[in-house]
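Commentary on secondary and tertiary structure
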Amino acid sequence: MRESLIAVIDDDALVRDAAASLVRSLGYRTATYASADEYLGTELDSAACVLTDLQMPGRSGLDLRESLRARGSTVPVILMTAFPTDELRARAAGLGLIALLDKPVDPDLLSSALARATGE
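Residues numbered from 1 in each chain as written. Predicted model: local features only at pLDDT ≥ 70, side-chain atom pairs only at ≥ 80, totals over all residues. Heavy atoms only, no water.

1. Regarding the side chain of Ser-60
Here Ser-60 is to be found in the loop between strand S3 (49–53) and helix H3 (61–70). Residue Ser-60 is classed as buried on the basis of its relative accessible area of 17%. Within the structure, Ser-60 has its side chain in polar contact with the backbone nitrogen of Leu-62 (distance 3.3 Å). A polar atom in the side chain of Ser-60 sits 3.0 Å from the backbone nitrogen of Asp-63. (Helix = DSSP H or I, 4+ residues; strand = E, 2+ residues; numbered from the N terminus. Buried < 20%, exposed > 50% of the residue type's maximum accessible area, 1.4 Å probe, protein only. Polar contact = N/O pair within 3.5 Å; in protein donor to acceptor, adjacent residues only side chain to side chain.)

This is how it looks when you write it as structure tokens:
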């Protein structure tokens, strides 16, 4: 088991649990959150990386990235979406996201993105 803790954020409980299970199968520890605001209410420095959905009630995954940056957090962010567009990919790159992954998430792409994010 790797030491790195990955925060998994998705408003859909089934997707959140499936994503967390996939992350654990790759050898990481996980903590799950139902919303960006729930995550922002925690000790932000505990996660080595955030894996978040794009479209959620309240703050989106992109809003979360901007909120983290405004708070001075440098935690790497991986964004998941079922609705990828070229405009979204450009915006994600401009925000310095580690990756923008299409749902359903490809395990190999997620593994590679997590390795880049955590240095493991």
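Now, onward.
2. What to know about the pattern of salt bridges
Applying the stated rule across the entire model yields 5 salt bridges. A salt bridge links Asp-37 to Arg-59, with the nearest nitrogen and oxygen atoms 2.4 Å apart. Of this pair, Asp-37 sits in helix H2 (residues 36–40) while Arg-59 is found in the loop between S3 and H3, placing the two residues 22 residues apart along the sequence. On the accessibility criterion, Asp-37 (42% relative accessible area) is partly exposed. Here Arg-59 falls in the partly exposed class, since its relative accessible area comes to 29%. Via salt bridges that share partners, Asp-10, Asp-53 and Lys-103 belong to a single interconnected network. (Salt bridge = Lys/Arg side-chain N within 4 Å of Asp/Glu carboxyl O.)

3. Structural notes on the sheet that holds strand S2 (residues 29–33)
Spatial strand order, S2-S1-S3-S4-S5: 5 strands in an open sheet with parallel pairing. Every other strand in the sheet has two partners, leaving S2 and strand S5 (99–102) as the edge strands with one partner each. Averaged over all adjacent pairs, the angle separating strand axes in this sheet is 20 degrees, with direction ignored. Pairing analysis gives 4 bridges linking strand S1 (residues 5–9) to S3, with the strands arranged parallel. Bridging across to S3, Ile-6 finds its partner in Cys-49. (Pairing = 2+ DSSP bridges. Axes fitted to C-alpha atoms, helices over the stretch in contact; angles between N-to-C directions.)

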